[in-house]
Amino acid sequence: MRRLLLALLLVPVCLSAQPPAYDLILRGGRIIDGTVSPWYTADLAIRGDTIARIAPAITAPATRVVNLNGLAVAPGFIDIHTHARRGIFEVPTADNYIRQGVTTLIEGPDGSSPLPVKAFLDKIAALRISPNFAMLVGQGTVRSEVMGEVDRPATRAEMDRMKAIVTQAMYDGAFGLSSGLFYVPGNFTPTEEVIELARVAGSLGGIYKSHMRNEADGLIESVRETIAIGEKGGLPTQITHHKVVGKKYWGASVETLRMVDEARARGVDATIDQYPYTASATSIAAALLPQWAQEGGRESTLARLKDPATRAKIKAESVVIIRDVRGGGDPRNVSVSACQFNPKLAGQNLAQITEGRGLAVTLENAAETAMWIVEQGGCGGIFHAIGEQDLERILVHPATMVASDGEVPVFGRNMPHPRSYGTFARVLGLYVREKKLLPLETAVQKMSAFPAQRLGLSDRGVLRQGLKADIAVFDPATVRDTATFEKPHSYAEGVSLVIVNGQIAFENGQMTSARPGRVLHGPAHRP
Ligand SMILES: [Zn+2]
């Protein structure tokens, strides 16, 4: 009897409880849809992981309605160059990225990726992360696996093995091939060999993206090579983190952009990405020691540094690198970002470390200190040697998209490059609002639709009914980066709501408990 009564009581409740039409409505935002169309005012409704409707006034009931009062509503940003595997396992929420509105991270840049791709993506999937995650396969890693770090062309048999690995990586879900021809062992790779591998990635729908061989005295030649690899490999090609390193070479972006324009005019699908800072970051060894000194890996480098004649040769070249290239002409322009053998060095510059070793601050002694750092185990470095004019010229070029080249820092640990915390907010705050270099809609396109198109992500990157609900809500009047080289651990401001696959990952200054990120698979994926 009691059970019957209960059932009778419940029936009308069930009948009247119509499920709401939508899970979430963002009301009254300025829609910046990613396509460079001017913003317009509309409501945006989400059901499940999908944008269900965008219309001037959506009145159907929703589980939740958020009033935006004119805030900007943009597609979640897609970062096509990240080193997110540094840190994502410790910080699966990737707060530094989500808080800027970044909803998709692309790993495997600069010729370096974990292998096999499937095993790595499985680990990421099991991690439950906040942003989406995707991969490129790295040419350097593939070459290392097959040949080690040797300075010679591949044999036919080695070539076949490398092609098989790239093919498998594409089947595993990679979006294309990256190279780091500046780094060992990419620098030992003849152009023809890269073309052959790129052709494999291209035949499976992938792109090619390169940290070029040389961003200083060999910049023009390197751009030519990057274009040629796309042209001869028959696939889209991208100059990644395009910059001009070394004051001596500043201004060269006039020529490099002209080359990209020319290539595009004759039908080569060449594009660019860039981070908005005048300093780069990589290891002290890669940046300040000549490449030949690093052949064969760390043990070989150490052996060369022990031999007095070879050491003198390395030092002489390192002096030139500090003077004309990455060193920015002054040891104070090089600072240590992280250092395992002595974490206290993080934040110190090369001049201070040289002094700390009881040496006068000269270019020669700075080179001596750089070699010493490598001998002790190596450090990461930040190198202030990029010109603002080149940066701005590259940023406003229509073939340029925005990408951080960052990682997922553990908040407060080490002195990382601020680009991990600030890239996207910096473009929106400094270059759009303050310097008025480009319209807001254009900047958003460079962060969303453009990288999505480049990757072939046809269901993201634009705000349109039926596409995935990856969304960044921000205030164009206040959005800004706060991370600096002196104080890098500082989140961006002005982004108030971030949605990934329809779920809120960040709201009102707080990360939520949702971990809605997914692994995204490339065009040749075979489940
Ligand atoms: Zn790079």
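Note that the coordinates shown come from a computational prediction; the quantities given were computed from them, not determined experimentally. (Residues numbered from 1 in each chain as written. Predicted model: local features only at pLDDT ≥ 70, side-chain atom pairs only at ≥ 80, totals over all residues. Heavy atoms only, no water.)

A.B. asks: It is not clear to me how the nonpolar core should be interpreted in this structure. Could you clarify?
C.D. replies: Nonpolar side chains tend to gather and get buried jointly when the protein is soluble and globular. Ranked by internal contacts, the top residues of the largest apolar core, which has 72 residues, are F77, V166, L428 and F474. Not counting residues within four places of it along the chain, the set of residues in contact with F474 comprises I32, L71, A72, A74, F77, L428, L440, V444, V479, G494, V495 and S496. One finds A216, L257, A366 and C379 within the second-largest nonpolar core, a separate group that totals 39 residues. (Core = buried A, V, L, I, M, F, W, Y, C linked by side-chain atoms within 4.5 Å. Buried < 20%, exposed > 50% of the residue type's maximum accessible area, 1.4 Å probe, protein only. Contact = heavy atoms within 4.5 Å.)

A.B. asks: Just to check I follow, could you spell out the coordination of the zinc ion for this structure?
C.D. replies: Perfect tetrahedral coordination of a metal by four donors corresponds to 109.5 degrees between them, and perfect octahedral coordination by six donors corresponds to 90 or 180 degrees. All of the protein donors around the zinc ion are D110 (OD), D110 (OD), H211 (ND1) and H241 (NE2); their distances to the metal are 2.0 to 2.5 Å. Metal-centred angles of 54 to 148° between the four donor atoms at the zinc ion mark the site as irregular. The sequence pattern formed by the donor residues of the zinc ion is D-x100-H-x29-H. Within this pair, whereas D110 is found in the loop between β7 (102–107) and α3 (117–127), its partner H241 is found in the loop between β12 (237–239) and α8 (253–265), the two being separated by 131 residues in sequence. This pair shows no difference in class: D110 is buried, exactly as H241 is. (Donors = N, O, S within 2.8 Å, 3.2 Å for Na, K, Ca; no water. Tetrahedral: all angles 85-135°; square planar, octahedral: opposite > 155°, others 65-115°. Helix = DSSP H or I, 4+ residues; strand = E, 2+ residues; numbered from the N terminus.)

A.B. asks: Looking at this model, I keep getting lost on the pattern of salt bridges. Mind explaining?
C.D. replies: Opposite charge on two side chains permits them to pair, given that their charged atoms come into close proximity. Throughout the structure, instances matching the rule amount to 35 salt bridges. Close ionic contact of K118 with D122 constitutes a salt bridge, the shortest N to O distance being 2.7 Å. Placement of both K118 and D122 in helix α3 is noted, with a separation of four residues, approximately one turn of the helix. The exposure class assigned to K118 is partly exposed, which follows from its relative accessible area of 45%. (Salt bridge = Lys/Arg side-chain N within 4 Å of Asp/Glu carboxyl O.)

A.B. asks: I tried to follow the sheet that holds strand β6 (residues 77–79) on my own but got confused; where do I start?
C.D. replies: The pairing of strands in a sheet happens through backbone hydrogen bonds and is either parallel or antiparallel. The parallel open sheet is built from three strands, whose spatial order is β6-β7-β8. Of all strands in the sheet, those with a lone pairing partner are β6 and β8 (132–135), marking the two edges. With direction set aside, neighbouring strand axes in the sheet form an average angle of 20°. Relative to β8, β7 runs parallel, the two being bridged by four bridges. Considered in β8, the bridge of I106 is made with A134. (Pairing = 2+ DSSP bridges. Axes fitted to C-alpha atoms, helices over the stretch in contact; angles between N-to-C directions.)

A.B. asks: Can you help me understand the environment of N96 in this one?
C.D. replies: Structurally, N96 is set in helix α2 (residues 95–98). Not counting residues within four places of it along the chain, the set of residues in contact with N96 comprises E407, V408, P409, S420, Y421 and Y491. A polar atom in the side chain of N96 sits 2.9 Å from the backbone oxygen of S420. (Polar contact = N/O pair within 3.5 Å; in protein donor to acceptor, adjacent residues only side chain to side chain.)

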